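So the chains spell out like this:
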Amino acid sequence: IGVASVAGGVHSASLWWLPSVPILALILCGVRPGIVWAIVSCIAWVAFLVFSVSEVAIRNDISADDQPLIACAAACGIILCASTLTLVFKLGEAIARSELEAARDASDQANRAKGMFLANMSHELRTPMNAIIGMTDLILDSELRADHREYLKVVRGSSESLLVLIDDILDFSKIDSRRLELGQKRFDLRTALADTLMPLESRADSRGLRLSCDIQADVPTLVVGDQARLRQVLVNLVDNAIKFTPQGHIEVVVRSEEKTKDYVCLHFSVSDTGIGIPEDRRRAIFDVFEQADASSTRRFGGTGLGLAIASQLVQMMKGQLQVKSEERRGSTFYFSVVLKLPDDG
Ligand code: ADP
């Protein structure tokens, strides 16, 4: 601006270079530097306009021969300034980005370390728990006073709850630290579902509930996938359905959503006629240690880890666990998973 003023003020030829700077910055460096330079150029235009309106005399004792040279120098000066400032701007951005990336890497590493620690710890805790349960069983098989037997049954029950919790934490930390891998084995889906639901059926029965399973005809019998993890998801959903349904029935439905030569997409749903889930809690229950209502642990037991694990497992099988629910009328948990079909299936 200074050079342009000396070289002829508002009428200077070098001023015609002003709009080129934002355009150049826009093309070479992107939108943000372009906008910054457009603002700077506008300020320059306004400055010259003010000079012109207020008739500020700009001393111009440069000879006519030197005018083109000065105008050229002014244009070069503007471009040099623009380039330098844009470079500084870009450099600042690059430094900020690399600092951000370093911070993210550090936090990822800390998270992985935490996950590994949890996975190792829960694994170490499992071993003595198995010994406690085993020894309690042995003592319970021996001659005991009635009150001692009752105390030991409490020990047995509590140890089992603790083992379930440790298993859940172990699973969750394995998933969290990306150490859990899904097996790829061929299995009979119908037999697997029957085996999974049989023990749950007697639990439902003992609470006066009816548990039914409908596997539709288009569902293939032989599939390839992780039978144990699919079972874990279903057990969690049906177990919850039994826990939160005071009366009525629970229905498991499996249907085929899409089928190619190599893959099948299966849709599973578990519906109950239970207490339902309030709308504002339907998303939260899939988070770790979240329950639909604060008194849930006291009334029904549980820790709020089951659905978080089930939903991560379903995601690993390329699906998404979702819920539809109506309070006091029941809930339906549903998900789709993609399973391979055996070559000779
Ligand atoms: P937990 O059952 O151990 O508390 P989950 O993660 O399996 O943990 O479930 C989280 C919460 O979601 C439960 O505490 C309960 O409040 C709610 N919930 C899950 N399934 C049902 C269901 N079928 N009917 C009503 N509420 C449910």
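Below, the structure is looked at part by part. (Residues numbered from 1 in each chain as written. Predicted model: local features only at pLDDT ≥ 70, side-chain atom pairs only at ≥ 80, totals over all residues. Heavy atoms only, no water.)

Our next topic: a nonpolar patch on the surface. Taken together, the side chains of Ile 23, Leu 24, Leu 26, Ile 27, Leu 28, Val 31, Ile 35, Ile 39 and Ile 43 present a nonpolar region at the surface, about 910 Å² in accessible area. Those elements giving two or more residues to the nonpolar patch turn out to be α2 (20–29) and α3 (31–53). The biggest single contributor to the nonpolar patch is α2, with 5 residues. The topology assignment puts Val 31 in helix α3. Given a relative accessible area of 56%, Val 31 falls into the exposed group. (Patch = residues over 30% accessible without salt bridge, like charges linked within 9 Å, V, L, I, M, F, W, Y side chains within 5 Å. Areas by Shrake-Rupley, 256 points an atom, 1.4 Å probe, with all protein chains shown as cover. Salt bridge = Lys/Arg side-chain N within 4 Å of Asp/Glu carboxyl O. Helix = DSSP H or I, 4+ residues; strand = E, 2+ residues; numbered from the N terminus. Buried < 20%, exposed > 50% of the residue type's maximum accessible area, 1.4 Å probe, protein only.)

Attention shifts here to the site of the ligand. Asn 240, Asp 272, Gln 291, Ala 292 and Leu 307 are the nearest of the 21 residues found near the ligand. In this structure, an oxygen atom belonging to the ligand sits 2.8 Å away from a side-chain N or O atom of Asn 240. At a separation of 3.2 Å, an oxygen atom of the ligand approaches a polar backbone atom of Gly 304. Here the ligand has 530 Å² of accessible area as a free molecule, and 97% of this is covered by the chains. The cavity that encloses the ligand is the largest pocket. Elements with a contribution of two residues or more to the shell around the ligand: α7 (227–243), α9 (306–316) and β7 (330–340). In terms of residue count, the dominant contributor to the shell around the ligand is α7 (4 residues). Partitioning the shell around the ligand into residue classes produces 8 nonpolar, 10 polar and 3 charged. (Near = heavy atom within 4 Å. Polar contact = N/O pair within 3.5 Å; in protein donor to acceptor, adjacent residues only side chain to side chain. 1 Å grid on protein atoms, 1.4 Å probe; cavity = no way out; pocket = protein on both sides within 12 Å on 5 of 7 lines; lining within 4 Å. Sits in = over half its atoms within 2 Å of the grid points. Nonpolar A, V, L, I, M, F, W, Y, C, P; charged D, E, K, R; others polar.)

Inspection of α2 places Val 21, Pro 22 and Ala 25 among the buried residues, and these make up the whole buried set. Within α2, the buried residues cover an arc of 95 degrees as seen down the axis, which keeps them to one side. Facing away from the buried surface of α2 by more than 90 degrees, the exposed residues are Ile 23 and Ile 27. Looking at the buried side of α2, the elements it contacts are α3 and α4 (67–140). (Arc of directions from axis to C-beta. Contact = heavy atoms within 4.5 Å.)

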